[in-house]
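# Overview (structure and organization)
The residues making up each chain are set out below.
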Amino acid sequence: MAKPTKDMFDPKTFLAKVGAGKTILELPKNQPVFRQGDVADSVFYIQSGKVKLTVVSEQGKEAVVAILEPGQFFGEGCMNGHPLRIATTTAMDDCVITSITKEAMMAAIRDEPKFSELFMSYLLTRNSRIEEDLIDQLFNSSERRLARLLLLLANFGKEGSPQPISVNISQETLAEMIGTTRSRVSYFMNKFRRLGLISYNGHIEVHNSLLSAVLHEKPLLRVRERD
């Protein structure tokens, strides 16, 4: 006897195809997905490429608050009643992104347990990351914040081997993400390379020694003053 259709539901296949309330977007590098202040009525899922989230304060200061990769959602604030976007999201590479209307998201969460599980897992993981970022900003030096960010961007701790970091992620972007200046990031990056913790070869390769240094709080990652 054939299994019911619901048992065969694959959330990633669902997200990869056009359907009711879903649109597949192919965006070139540097193309905004949405801008801060736009109407919030859809959730997005990254099939390929990377996007960055930036926020501009009332004083005009811009900060990069996240870099998102394939398999991640963004724009989910509309599910929580946010009528407007609170950040600008821009493609860092050529991207393929699924746009899902709020109504289609609500229906999928209600009707498809596997999709609901996938989305809940994403929300819990992102919430934990936000808490870790806050602790990082409060208690760690900019040097250690940079080291942690490089490890996260290289996917240390996830399944599979660590990945090279694209040169599309500039030192200015790294500086904005950890709350310091580009000159400090340049100084620390050169220091990490000199110590053999990272290397450059058309992209940034993060070595296991950087993870070891962060986990064991080795002196080479300590600075006397926070900045």
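Above this note sits the structure.
A few points on the structure.

Reading the values: the criteria
Residues numbered from 1 in each chain as written. Predicted model: local features only at pLDDT ≥ 70, side-chain atom pairs only at ≥ 80, totals over all residues. Heavy atoms only, no water. Phe/Tyr/Trp six-rings, centres within 6.5 Å; stacked < 30°, edge-to-face > 60°. Helix = DSSP H or I, 4+ residues; strand = E, 2+ residues; numbered from the N terminus. Lys NZ or Arg CZ within 6 Å of the ring centre and 35° of its normal. Core = buried A, V, L, I, M, F, W, Y, C linked by side-chain atoms within 4.5 Å. Buried < 20%, exposed > 50% of the residue type's maximum accessible area, 1.4 Å probe, protein only. Contact = heavy atoms within 4.5 Å. Axes fitted to C-alpha atoms, helices over the stretch in contact; angles between N-to-C directions. Parallel < 35°, antiparallel > 145°, perpendicular 65-115°, else oblique. Left-handed = near helix turned anticlockwise from the far one by under 90°. Nonpolar A, V, L, I, M, F, W, Y, C, P; charged D, E, K, R; others polar. Polar contact = N/O pair within 3.5 Å; in protein donor to acceptor, adjacent residues only side chain to side chain.

What follows deals with the packing of aromatic side chains. Counted by the stated rule, this structure contains eleven aromatic pairs. Summarising the aromatic geometry, the rings of Phe14 and Phe115 are spaced 5.4 Å apart at their centres and angled 75° between planes, so their arrangement reads as edge-to-face. Taken together, the residues Phe14 in helix 1 (residues 11–16) and Phe115 in helix 3 (residues 113–139) connect sequence positions 101 residues apart. Three or more aromatic residues joined by ring pairs make a cluster, and in this case those are Phe9, Phe14, Tyr45, Phe73, Phe115, Phe119 and Tyr122. For the cation-ring pair, Lys22 lies above Phe14, with the distance from its terminal atom to the ring centre recorded as 3.8 Å. The cationic tip of Arg85 hangs over the ring face of Phe34; the distance from NZ or CZ to the ring centre is 4.2 Å.

With that settled, the discussion passes to the nonpolar core. Core analysis: the largest hydrophobic core is formed by 27 residues, its most contacted members being Leu146, Leu150, Leu174 and Val206. Top element by residues in this core is helix 4 (residues 142–153). It accounts for six residues. Those residues within four positions of Val206 in sequence are excluded, and the remaining contacts are Leu150, Leu151, Ala154, Phe156, Ile165, Leu197 and Ile198. Judged by nonpolar contacts, the second largest core, of 14 residues, contains Leu15, Val43, Tyr45 and Phe119.

Look at helix 3 against helix 4: their axes get within 10 Å of each other, and the N-to-C directions meet at 155°. Between helix 3 and helix 4, the interaxial angle falls into the category roughly antiparallel. In this structure, helix 3 meets helix 4 at a crossing whose hand is left-handed. Here Arg129, Glu132, Asp133, Asp136 and Gln137 of helix 3 come into contact with helix 4, specifically with Arg145, Arg148, Leu149 and Leu152. Class assignment of the residues belonging to the contact of helix 3 with helix 4 gives a composition of two nonpolar, one polar and six charged.

Attention now goes to the side chain of Glu69. By the secondary structure assignment, Glu69 is in the loop between strand 5 (62–68) and strand 6 (73–74). Within the structure, the side chain of Glu69 is placed 3.5 Å from the side chain of Lys50, a separation counted as a polar contact. If sequence neighbours within four positions are ignored, Glu69 has contacts with Ile46, Gly49, Lys50, Leu153, Asn155 and Lys158.

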